Amino acid sequence: MVDVMKLDIHASEHNVLTATLAKLLEQEARTAEEKVGRLMQQYRARGLAVVGLEETLEALANGQVDELLISGALEETHPLPEEVRAILAPELPDSEGGTASEEPRQASLPDLLVTKARQSGATVTFIEDAALLESVGGVAAFLRWRG
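The structure presented is a predicted model; accordingly, all values stated were derived computationally and were not measured.

1. Focus: the overall build of the protein
Of the regular secondary structure elements, the protein holds four helices and six strands. Helices and strands appear in the protein in the N-to-C order α-β-α-β-α-β-β-α-β-β. Taken over the C-alpha trace, the protein has a radius of gyration of 19 Å; the compact-globule value for 147 residues is 15 Å, which it surpasses by more than 25%. With the C-alpha coordinates of the protein rotated into their principal frame, the extents come out at 70 × 35 × 25 Å. The proportion of buried residues among the 147 residues of the protein is 35%. Put simply, of all contacts in the protein between residues at least 6 apart along the chain, 69% involve residues at least 24 apart. Summing over all exposed atoms, the protein offers an accessible surface of approximately 9200 Å²; the carbon and sulfur share of this is 53%. In the protein, 13 side chains carry a positive charge and 25 a negative one; their mean positions are 9 Å apart.

2. Concerning the nonpolar core
Core analysis: the biggest nonpolar cluster contains 21 residues, and L57, V65, L68, V84 and L113 have the highest contact counts within it. Among the secondary structure elements, those contributing two or more residues to this core are α2 (53-61), β2 (65-71), α4 (109-119) and β6 (139-143). With four residues, α4 is the largest single contributor of residues to this core. Those residues in contact with V65, other than ones at most four positions away along the chain, are T56, A59, L60, S120, A122, A141, F142, L143 and R144.

3. Observations concerning the pattern of salt bridges
Side chains bearing opposite charge may pair, as long as their charged atoms lie close to each other. What the rule picks out here adds up to five salt bridges. E67 is the salt-bridge partner of K35, the closest N and O atoms lying 2.6 Å from each other. With K35 in helix α1 (residues 13-44) and E67 in strand β2, the pair connects residues that are 32 residues apart, well separated along the chain. On the basis of relative accessibility, which here comes to 13%, the residue E67 falls in the buried class. We note a salt bridge from R144 to D66, for which the minimum N-O separation is 3.9 Å. Pair noted here: R144 is in the segment after β6 and D66 is in strand β2, with a separation of 78 residues, a long-range link. In this structure R144 comes out as partly exposed when scored by relative accessible area, which is 32%. D66 gets classed as partly exposed once you look at its relative accessible area, which sits at 39%. Through salt bridges with shared partners, a single network forms among E54, E58 and R85.

4. Quick word on the sheet that holds β6
Taking strand neighbours across the sheet as the criterion, the four strands line up as β1-β6-β2-β5 in an open arrangement whose pairing is mixed. Lying at the two open borders of the sheet, with one neighbouring strand each, are β1 (49-51) and β5 (123-127). Across the sheet, the mean angle separating the axes of adjacent strands is 15° when strand polarity is ignored. Pairing of β1 with β6 involves three bridges; the strand directions are antiparallel. Pairing of V50 across the sheet is with A141, part of β6. Here α4 sits on the sheet in contact with β2, β5 and β6, set at roughly 155° to β2.

5. Concerning α4
Every buried residue of α4 is listed here: L109, P110, L112, L113, K116 and A117. When α4 is viewed along its axis, its buried side chains cluster within an angular range of 165° and face the same direction. Facing away from the buried surface of α4 by more than 90 degrees, the exposed residues are R118 and Q119. Of the residues trailing α4, G121 is marked for its positive phi of about 80°.

What counts and how
Residues numbered from 1 in each chain as written. Predicted model: local features only at pLDDT ≥ 70, side-chain atom pairs only at ≥ 80, totals over all residues. Heavy atoms only, no water. Helix = DSSP H or I, 4+ residues; strand = E, 2+ residues; numbered from the N terminus. Rg over C-alpha atoms; globule rule 2.2 N^0.38 Å. Buried < 20%, exposed > 50% of the residue type's maximum accessible area, 1.4 Å probe, protein only. Contact = heavy atoms within 4.5 Å. Areas by Shrake-Rupley, 256 points an atom, 1.4 Å probe, with all protein chains shown as cover. Lys, Arg positive; Asp, Glu negative; His and termini not counted. Charge placed at Lys NZ, Arg CZ, Asp CG, Glu CD. Core = buried A, V, L, I, M, F, W, Y, C linked by side-chain atoms within 4.5 Å. Salt bridge = Lys/Arg side-chain N within 4 Å of Asp/Glu carboxyl O. Pairing = 2+ DSSP bridges. Axes fitted to C-alpha atoms, helices over the stretch in contact; angles between N-to-C directions. Arc of directions from axis to C-beta.

Right under this line is the structure:
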């Protein structure tokens, strides 16, 4: 990123650092907004994108996700472990401690999403502005291929 800022020539290091960090945060917010906008266009055009928790988990389980977009507020909206279909998280133990049954698993959804993304080599992007992904449940993904 290259940008020009006007600062007083006698500005302290602290003031320069503060101004620089503010610019970086501004650029990061703009980039996140653009990325979510591209994803929504792809999704609406039935392109290489999915939105919502269930659809994103399915795509992650299939190894289709290229980049996971996850709201920074997802841990607040899903703070406790929740039931997940066994097919989406077969590696997690069921209530008996095994992995062979079709019984739903208990999982922290934010942790499961990030773990599955990392396991499949997908990029994880945290979107700090919760409003950007609020309409789709706080999670979406760009896909490598359509399933």
